[in-house]
Amino acid sequence: MNTDKNNIENMPDLSVEIGGVRLQNPVMTASGTFGSGMEYSDFVDLSKLGAVVTKGVSAVPWEGNPTPRVAETPSGMLNAIGLQNPGVEVFCERDLAFLSNYRTKAAADAVGDGPRVIVNVCGHTVEEYLEVVERLSDEPVDLLEINVSCPNVKAGAIQFGQNADSLMDVTQRIKRIAKQPVIMKLTPNVTDIAEMARAAEAGGADAVSLINTLLGMKIDVERRTFVLANRTGGLSGPAIRPVAVRMVYQAAQAVKIPVIGMGGIGSAEDALEFILAGATAVAVGCMTFHEPATAVSVIDGMKDYMIRHGIERISDLTGAVR
Amino acid sequence: MNTDKNNIENMPDLSVEIGGVRLQNPVMTASGTFGSGMEYSDFVDLSKLGAVVTKGVSAVPWEGNPTPRVAETPSGMLNAIGLQNPGVEVFCERDLAFLSNYRTKAAADAVGDGPRVIVNVCGHTVEEYLEVVERLSDEPVDLLEINVSCPNVKAGAIQFGQNADSLMDVTQRIKRIAKQPVIMKLTPNVTDIAEMARAAEAGGADAVSLINTLLGMKIDVERRTFVLANRTGGLSGPAIRPVAVRMVYQAAQAVKIPVIGMGGIGSAEDALEFILAGATAVAVGCMTFHEPATAVSVIDGMKDYMIRHGIERISDLTGAVR
Amino acid sequence: MTETAIRKQKMRAEVLRHETLAPGIRSLELRVPELPSAARPGQFVGVYTGDGAMLLPRPISICDSGDEKELRLVYRVAGKGTAEIAGLKAGEETQILGILGNGYPVEELKNKRVLLLGGGIGIPPMLLLAKQLSALNSGEEKDQSPVITVLGYRDAQMFLREEFEKYAQVFIATEDGSVGTKGNVLTAVKQEGIRADAICACGPMPMLRAVKAYAAQEGIACYISLEERMACGVGACLGCVAKTTREDEHSHVKNTRICTEGPVFNAKYVDI
Amino acid sequence: MTETAIRKQKMRAEVLRHETLAPGIRSLELRVPELPSAARPGQFVGVYTGDGAMLLPRPISICDSGDEKELRLVYRVAGKGTAEIAGLKAGEETQILGILGNGYPVEELKNKRVLLLGGGIGIPPMLLLAKQLSALNSGEEKDQSPVITVLGYRDAQMFLREEFEKYAQVFIATEDGSVGTKGNVLTAVKQEGIRADAICACGPMPMLRAVKAYAAQEGIACYISLEERMACGVGACLGCVAKTTREDEHSHVKNTRICTEGPVFNAKYVDI
Ligand SMILES: Cc1cc2nc3c(=O)[nH]c(=O)nc-3n(C[C@H](O)[C@H](O)[C@H](O)COP(=O)(O)OP(=O)(O)OC[C@H]3O[C@@H](n4cnc5c(N)ncnc54)[C@H](O)[C@@H]3O)c2cc1C
Ligand SMILES: Cc1cc2nc3c(=O)[nH]c(=O)nc-3n(C[C@H](O)[C@H](O)[C@H](O)COP(=O)(O)OP(=O)(O)OC[C@H]3O[C@@H](n4cnc5c(N)ncnc54)[C@H](O)[C@@H]3O)c2cc1C
Ligand SMILES: Cc1cc2nc3c(=O)[nH]c(=O)nc-3n(C[C@H](O)[C@H](O)[C@H](O)COP(=O)(O)O)c2cc1C
Ligand SMILES: Cc1cc2nc3c(=O)[nH]c(=O)nc-3n(C[C@H](O)[C@H](O)[C@H](O)COP(=O)(O)O)c2cc1C
Ligand code: FES
Ligand code: FES
């Protein structure tokens, strides 16, 4: 018992596997809240993360929405960035190059796997998604996350994620050409999340991630206007965590592929809620804005929890509450 | 101009009309958060309210769910009461009798209309709803609110509210026998709230109210259990306000009947968000637990706002932001 | 309806003293200018945190109540809310809701030989009860029927013990045996051969179940204070029910509201 | 990657002084033990509220920066967050994120005749700029090219005025004409016939638009500080963009991040 405990203390096993890719720990950054890692590399040691998930990338540069694009709400925030991004070409040259350094370095220093690189992909049409997926084929990318759930882009996008048939279809078409394993990112703005998770699985997805933001709105009563130029925006943060945990639980009950959970994670305790509900990995989103070191402290706190509770492998906790 | 302003200061008109019933102001209590008014009559003067909406009432007594039934979440709470209630007979004898006093007294004192009485109705089957609606026909009840959206009762209930066809059907059948105007209370746990609002309108509803709670879950990571005995519960409070405002906006755009808005209202400013988004009236829910006088201070703050902005009728603000 | 009907409210309370009694156990003394009535033992207040993300009041029993609208609460730092409350400093203000709940039937217990059992953080409400019972019992009965208290702690980190000794005969039980009887309050009762006409108890659920069974077996009256997650604290939300052995007046099902019909119940009417 | 790469963090800051300068205008002096670098004028910090319901830092410009890791912020109580911050007392702690943004190009402005225009709550960042420019300009140039400041207030409720007089020649404009020129800062510039080689401005958008147009017309360099709702404050969320007149390096669309590429921009490159 004592030796066991010592082993755990030396190194509880935080690694997890998604679509055949091993992550050194289950903690990622949520797409759109961490840039491509560069901005926060002044604040945190990226090499500690399980994975960096990039901001959504499209085939050509996207302008995004007019400002104001963000608004604070009780224990949360709204955003309507509109997927501004410089397009996949610039992304590969600049952002992927930056992220690859961490992998190369981690390998060279033999300090572990380093952070996996997950690219979040967006598009207005299936063809646009396919273009990006194809372009990324031979890039140093470990996993693809397909954003069929952004509530802030008028044409397409979220509609794929709100209908089971089209979700299955887009998943199939992407899987057909993707070189990397594919994570489908689901929207919570649906009646039945389990149905959507099953559709993604049926389409061949290697994993699902959820939740993207809940569609919300804020009105400035003094000026009598919408606070966001886009009128509606996506709600994220601790405010939505109970909804996210519930959906992760429902999705995990519905499918066999791994579930990546997110929505308001700000501490190891929050992250463990998702894992116990059925998530294999988790992502930290807008709480990084509240505390840039959130993802790292989630990892540290998880380690402490495992030691305290005598848990050897984090994967033993996945879905442990049912 | 000056005289205008004075008029407004003397009495900005807060009255609104729903299903032909005039409310002295647009502020109600949300079902299930105010008992039948009795409990909070020690804290606030009920006669100031636009309406008291009672806890859901069923044909026979309901036990509700096991405890724990409530949990706090960031800027919100989960509940899984499970519609415990003493049944419509006891309700009529005790709770309606209590509430009627306020109407009688208001009439006698000629101090205004007093609070309207809105009874929230629940059932497992359409027949159970109909039984309650029928029983209330000749009781001192101004409006009926039909809860087809409670997420905490296993059988029936929410399923009516998550499918447009059955929502229209149940609305029609209730309308056929109801003596009082009918408000259909909608669930936010749907892909398209506008579709649901239209279904209620098509079924003949006199108004819709929204939102009921968002389905959520909380896990106790130390004990590795669900916090609520029912596993899932309904999320309410300021956390969900941005979702509620958005849905009220979408519903109001979709139908011509009045919309009653609720979800996290804690101040006049919050309430005005809903009105500007398209609500004719609003309800204060769990923020009453935070401050029992919330509903009254919402009314007072609304009056101040109208005076400050030179607004004569509150109904002029309904849907003013578009 | 006129304003005169309003008898309860969310109230400002000024912090007079705030100190640590034992590790994680804090004593908070408040002056509440608008206190609506005198506190009965077993009643509680809802304490609000200053944090906007935490909406619900924390139910905390009244441990003592002095003159001049003063209340004392003794609480354990259990989670985020009590941790926030623990940061209050003397001179600062907080807000409370109350006074809530029913309390122990002090009048009925007058001149009876009453045994008070407090386990862990169930100890604080027993102090006001011991004080009032002791004040109530007149000269002779006081000696013949002293208030007897058994306090159960985990270990030697005790709190409030000396204060009980002012009003009651005090026995101690500790889980680790470091002070008094090794075991729980009932172990002490049995070991010391304590006899009583009535029991008043507050503590963790396993203790309350054992106390209920013991009282039933001895055939004596038993009043226990129950705990449950609360939202409103005033009987409106039906969040805090306990199962009863008979249909109660309010619910017409076998559920009773701990915040309103309780938190103190005659043990024989609750199904715990 | 090693820990040495970490150059920024959310930092503890101790409140040294906190006072009211004018109605609704507060001056907050902080000691920041871990301050990563000296502050440049125009840079800002994110100030966190103590309230768990408010997640985002409030961007506030650095008004002054002393030795020993001290920062001074002057802010208007505008909403819930600043109201919460306004309650901080000397001796208490708060948290800030920073130092953020680029700041005014002080080196480029050395020995130029620089006109500083501050409107309303745009005045505070001009103070550190006036101070640094004044310190930078050497003997002779100092007299020939004084730092000229025009401060625009709503009415006679002025703030920071005396402090500017230590470093700059100061003109005042008030909307109601109660002090100095009646009108805005540009009315004063024109009325006083002030001429300069460069303008640095901060204030409300209509003022900045007018200043940009004026500088273009006069053919002089113009640096303005922009404001936008921010979430991250560090360039990661793309919440705070301004339209640019050309595609910028980072976005590859005509959007630039105010928190990172700004908040200070050469007026000719932003489309306001
Ligand atoms: C009638 C009554 C009297 C009480 N008297 C005392 C007392 O005198 N001293 C004392 O230390 N404690 C007392 N408690 C328990 C006390 O209410 C909880 O320890 C406290 O609410 C924990 O709050 P938290 O925010 O620190 O914990 P968290 O776990 O962060 O709280 C989350 C939510 O759960 C609720 N909660 C958590 N634990 C409990 C619990 N045991 N009972 C009820 N609600 C809980 C909180 O109120 C809050 O709404 C009493 C409880 C009740 C019902
Ligand atoms: C680079 C920069 C520098 C600034 N410097 C100063 C300064 O030195 N002194 C000063 O008084 N004010 C300054 N402001 C404005 C200040 O940030 C806002 O007044 C403040 O955020 C309002 O917060 P609140 O919580 O009181 O208002 P609320 O309206 O309750 O805030 C809600 C949300 O909106 C944001 N917000 C509201 N108004 C603004 C605004 N005008 N600009 C940006 N975000 C806003 C808040 O940060 C918060 O996230 C600056 C803004 C920026 C962008
Ligand atoms: C500012 C912002 C930008 C986002 N951009 C994207 C995006 O580009 N692609 C995507 O799939 N999700 C995006 N999201 C959603 C997040 O990845 C995440 O799913 C959501 O915010 C919930 O997590 P959180 O509550 O921890 O923030 C964005 C969220 C925020 C707050
Ligand atoms: C404790 C509790 C009990 C509730 N019971 C009912 C109910 O019986 N019938 C119903 O239609 N809605 C019920 N609701 C939902 C509320 O009426 C309201 O729609 C929801 O809480 C959103 O408003 P809020 O955020 O202001 O609380 C209940 C909510 C709470 C918190
Ligand atoms: S806490 Fe609401 S009824 Fe007891
Ligand atoms: S605030 Fe996030 S990019 Fe500027």
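It should be emphasised that the depicted structure is a prediction, and the values quoted were computed from it without experimental measurement. (Residues numbered from 1 in each chain as written. Chains lettered and ligands numbered in written order. Predicted model: local features only at pLDDT ≥ 70, side-chain atom pairs only at ≥ 80, totals over all residues. Heavy atoms only, no water.)

Peer 1: It is not clear to me how the overall build of chain C should be interpreted in this structure. Could you clarify?
Peer 2: Counting its secondary structure elements, chain C contains six helices and 16 strands. Compactness check: chain C gives a C-alpha radius of gyration of 18 Å against a globular reference of 19 Å for 272 residues, within 12% of the reference. Judged by the C-alpha coordinates and their principal axes, chain C covers about 50 × 45 × 35 Å. In chain C, which comprises 272 residues, the proportion classed as buried is 54%. Residue pairs in contact within chain C that sit at least 24 positions apart in sequence constitute 62% of those at least 6 positions apart. For chain C, the exposed area adds up to about 11,500 Å²; of that, 46% sits on carbon and sulfur atoms. Positive and negative side-chain charges in chain C, numbering 33 and 34 respectively, have mean positions lying 4 Å apart. (Helix = DSSP H or I, 4+ residues; strand = E, 2+ residues; numbered from the N terminus. Rg over C-alpha atoms; globule rule 2.2 N^0.38 Å. Buried < 20%, exposed > 50% of the residue type's maximum accessible area, 1.4 Å probe, protein only. Contact = heavy atoms within 4.5 Å. Areas by Shrake-Rupley, 256 points an atom, 1.4 Å probe, with all protein chains shown as cover. Lys, Arg positive; Asp, Glu negative; His and termini not counted. Charge placed at Lys NZ, Arg CZ, Asp CG, Glu CD.)

Peer 1: What is the right way to look at the relation of the copies chain B and chain A in this model?
Peer 2: Both copies of the chain are tied together by a single rotation about an axis and a shift running along it. By a simple turn and slide, chain B fits onto chain A: the slide is 0.0 Å along the axis, the RMSD is 0.0 Å, and the turn is 180°. These values place the two chain copies in the arrangement generated by a two-fold rotation axis. A shared binding surface is used by both copies, with 100% of the interface residues of chain B retained as interface residues in chain A. (Least-squares fit on C-alpha atoms with pLDDT ≥ 70 in both.)

Peer 1: Help me out: how do you make sense of the environment of Asp 271 of chain C in this one?
Peer 2: Residues and elements named next belong to chain C. Within the fold, Asp 271 resides in the segment after β16 (264-266). Here Asp 271 falls in the partly exposed class, since its relative accessible area comes to 48%. Measuring from C-alpha to C-alpha, the distance between Asp 271 and Leu 71 comes to 32 Å, with 200 residues separating the pair along the chain. Once you skip the residues sitting within four places of it in the chain, Asp 271 turns out to touch Lys 212, Lys 243, Thr 244 and Thr 245.

Peer 1: Explain the site of ligand 4 here, please?
Peer 2: Residue and element names in this part refer to chain B. In the vicinity of ligand 4 there are 21 residues, among which Ser 31, Lys 185, Gly 237, Gly 264 and Cys 286 approach most closely. Cys 286 is positioned such that a nitrogen or oxygen atom in its backbone is 2.8 Å from an oxygen atom of ligand 4. Alone, ligand 4 offers 600 Å² of accessible surface; in the complex the protein occludes 98% of this. (Near = heavy atom within 4 Å. Polar contact = N/O pair within 3.5 Å; in protein donor to acceptor, adjacent residues only side chain to side chain.)

Peer 1: Explain the nonpolar core here, please?
Peer 2: What tends to happen in soluble globular proteins is that the nonpolar side chains get buried as a cluster. Ranked by size, the top nonpolar core spans 315 residues in total, and within it Leu 136 of chain A, Leu 136 of chain B, Leu 117 of chain C together with Leu 117 of chain D carry the most contacts. Every residue in contact with Leu 117 of chain D, bar those within four places of it in the chain, is listed here: Met 126, Val 150, Val 185, Leu 186, Val 189, Ile 199, Cys 200, Ala 201, Cys 202, Met 207 and Val 211 of chain D. (Core = buried A, V, L, I, M, F, W, Y, C linked by side-chain atoms within 4.5 Å.)

Peer 1: Is there a simple way to think about the interface of chain A and chain D in this case?
Peer 2: If you look at the interface, chain A gives 42 residues, while chain D gives 39 residues. Between chain A and chain D, roughly 3,400 Å² of surface is buried when both sides are summed, and carbon and sulfur atoms account for 56% of that area. A per-residue breakdown of the area chain A buries against chain D is headed by Asp 42, Phe 43 and Glu 72 of chain A, which together make up 20% of the total. Here chain A and chain D share three salt bridges between them. (Buried area = accessible area lost by both parts, 1.4 Å probe. Salt bridge = Lys/Arg side-chain N within 4 Å of Asp/Glu carboxyl O.)

Peer 1: How do you make sense of the pattern of salt bridges when you look at a structure like this?
Peer 2: If charged atoms from side chains of opposite charge come close, those side chains can pair. On inspection of all chains with the given rule, the structure shows 50 salt bridges over all chains. For Glu 222 of chain A, the salt bridge identified is with Arg 308 of chain B, shortest N-O distance 3.0 Å. Of this pair, Glu 222 of chain A sits in the loop between β12 (219-220) and β13 (225-226) while Arg 308 of chain B sits in helix α10 (residues 294-309), placing the two residues on different chains. Between Arg 257 of chain C and Glu 39 of chain B there is a salt bridge; the shortest N-O distance is 3.1 Å. With Arg 257 of chain C in strand β15 (residues 255-257) and Glu 39 of chain B in the loop between β3 (27-29) and β4 (51-53), the pair connects residues from two separate chains. In this structure, a network of salt bridges that share partners links the residues Glu 39 of chain A together with Arg 257 and Glu 261 of chain D.

Peer 1: Looking at this model, I keep getting lost on the domain arrangement of chain C. Mind explaining?
Peer 2: Accessible area lost on assembly of the parts is the figure often given for the size of an interface. All names here are of chain C. Assigned domains within chain C: domain 1 (3-100) and domain 2 (107-227). Look at where the C-alpha atoms of domain 1 and domain 2 centre, and you get two points 24 Å apart. Listed as interface residues are 16 residues of domain 1 and, on the opposing side, 13 residues of domain 2. Counting each side, the surface lost to burial between domain 1 and domain 2 is near 1,200 Å², with a carbon and sulfur contribution of 65%. Considering only the surface of domain 1 that becomes buried against domain 2, Pro 41, Cys 63 and Asp 64 emerge as the three largest contributors, covering 35% of it. Where domain 1 meets domain 2, there are two salt bridges. The shortest N-O distance in the salt bridge between Glu 163 and Arg 72 comes to 2.7 Å. At the boundary of domain 1 with domain 2, the tally comes to four residue pairs in polar contact (both at pLDDT 80 or more). Elements represented by at least two residues in the side of domain 1 that touches domain 2 include exactly β1 (9-22), β5 (64-65) and β6 (70-76). A class-by-class count of the residues in the side of domain 1 that touches domain 2 yields ten nonpolar, two polar and four charged. (Domains from an automatic or database assignment. Nonpolar A, V, L, I, M, F, W, Y, C, P; charged D, E, K, R; others polar.)

Peer 1: Can you walk me through the interface of chain B and chain A in this structure?
Peer 2: Each side of the interface is counted separately: chain B has 43 residues, and chain A has 43 residues. Of the roughly 3,800 Å² buried between chain B and chain A on both sides combined, carbon and sulfur atoms contribute 63%. Of all residues in chain B, the largest losses of buried area upon contact with chain A belong to Met 217, Val 221 and Arg 224 of chain B, amounting jointly to 17% of the total for that side. Applying the counting rule to chain B against chain A returns two salt bridges. Elements with a minimum of two residues in the side of chain B that touches chain A: β11 (214-217), β13 (225-226), β14 (232-236), α7 (241-254), α8 (268-277) and α10 of chain B.

Peer 1: I keep staring at the sheet that holds strand β5 (residues 70-73) of chain A and nothing clicks. Help me out?
Peer 2: Paired through backbone hydrogen bonds, the strands of a sheet run either parallel or antiparallel to each other. Residue and element names in this part refer to chain A. Spatially, four strands are ordered β5-β6-β14-β11 in an open sheet, and the strand pairing comes out antiparallel. At either margin of the open sheet sits one strand with a lone partner, and together these are β5 and β11 (214-217). Each strand of the sheet is rotated relative to its neighbour by a mean of 40°, with strand direction disregarded. Both β11 and strand β14 (residues 232-236) contribute to a ladder of four bridges, which runs antiparallel. By the bridge assignment, Gly 216 is partnered in β14 with Gly 233. (Pairing = 2+ DSSP bridges. Axes fitted to C-alpha atoms, helices over the stretch in contact; angles between N-to-C directions.)

Peer 1: Help me understand the environment of Ser 75 of chain B in this model?
Peer 2: If you trace the backbone, Ser 75 of chain B turns up in the loop between β5 (70-73) and β6 (76-79). We classify Ser 75 of chain B as buried; its relative accessible area is 1%. Linking Ser 75 of chain B and Pro 238 of chain B, residues 163 residues apart in sequence, is a C-alpha distance of 5.6 Å. Aside from chain neighbours lying at most four places away, what touches Ser 75 of chain B is Pro 74 and Ser 75 of chain A, Ser 236, Gly 237, Pro 238 and Ala 239 of chain B, Gly 52, Ala 53 and Leu 55 of chain C together with Ala 53 of chain D. In terms of polar contacts, Ser 75 of chain B uses its side chain to reach the side chain of Ser 75 of chain A, at 2.6 Å.

Peer 1: Is there a simple way to think about the confidence of the model for chain C in this case?
Peer 2: Detail in the predicted coordinates should be disregarded across regions flagged by low pLDDT. All names here are of chain C. For chain C, per-residue confidence averages 92 on the pLDDT scale, and 94% of positions sit at 70 or higher. Mean pLDDT values for the elements of chain C range from 62 in helix α3 (residues 139-144) up to 98 in strand β4 (residues 58-61). Our summary of model confidence lists the complex with pTM equal to 0.96 and ipTM equal to 0.96. (pLDDT = per-residue confidence, 0-100.)

Peer 1: How should the packing of aromatic side chains be read in this particular structure?
Peer 2: Two descriptors summarise a pair of aromatic rings, namely the distance from one centre to the other and the angle between the planes of the rings. All told, the structure shown has twelve aromatic pairs over all chains when counted by the stated rule. Note on Tyr 153 of chain C and Phe 159 of chain C: the rings are 5.3 Å apart at their centroids and 85° apart in plane angle, and the pair reads as edge-to-face. A relative accessible area of 7% means that Phe 159 of chain C is categorised as buried. The rings of Phe 34, Tyr 40 and Phe 43 of chain A are connected pair by pair, giving a single aromatic cluster. The lysine or arginine in question, Arg 246 of chain C, covers the ring of Tyr 269 of chain C, its NZ or CZ lying 3.5 Å from the ring centre. (Phe/Tyr/Trp six-rings, centres within 6.5 Å; stacked < 30°, edge-to-face > 60°. Lys NZ or Arg CZ within 6 Å of the ring centre and 35° of its normal.)

Peer 1: How should the packing of helix α6 (residues 193-202) of chain A against helix α7 (residues 241-254) of chain A be read in this particular structure?
Peer 2: Helix-helix packing: each pair is described by the crossing angle between the helix axes and the interaxial distance. Residues and elements named next belong to chain A. Contact pair α6 / α7: the axes reach a minimum separation of 8 Å and the direction vectors enclose 45°. By the criterion of interaxial angle, the relationship of α6 to α7 is oblique. In the crossing of α6 with α7, the sense of the turn from one axis to the other is right-handed. Residues Ile 193, Ala 194, Ala 197, Arg 198 and Glu 201 of α6 lie in contact with α7, whose contacting residues are Met 247, Gln 250, Ala 251 and Ala 254. Taken together, the residues of the contact of α6 with α7 sort by class into six nonpolar, one polar and two charged. (Parallel < 35°, antiparallel > 145°, perpendicular 65-115°, else oblique. Left-handed = near helix turned anticlockwise from the far one by under 90°.)

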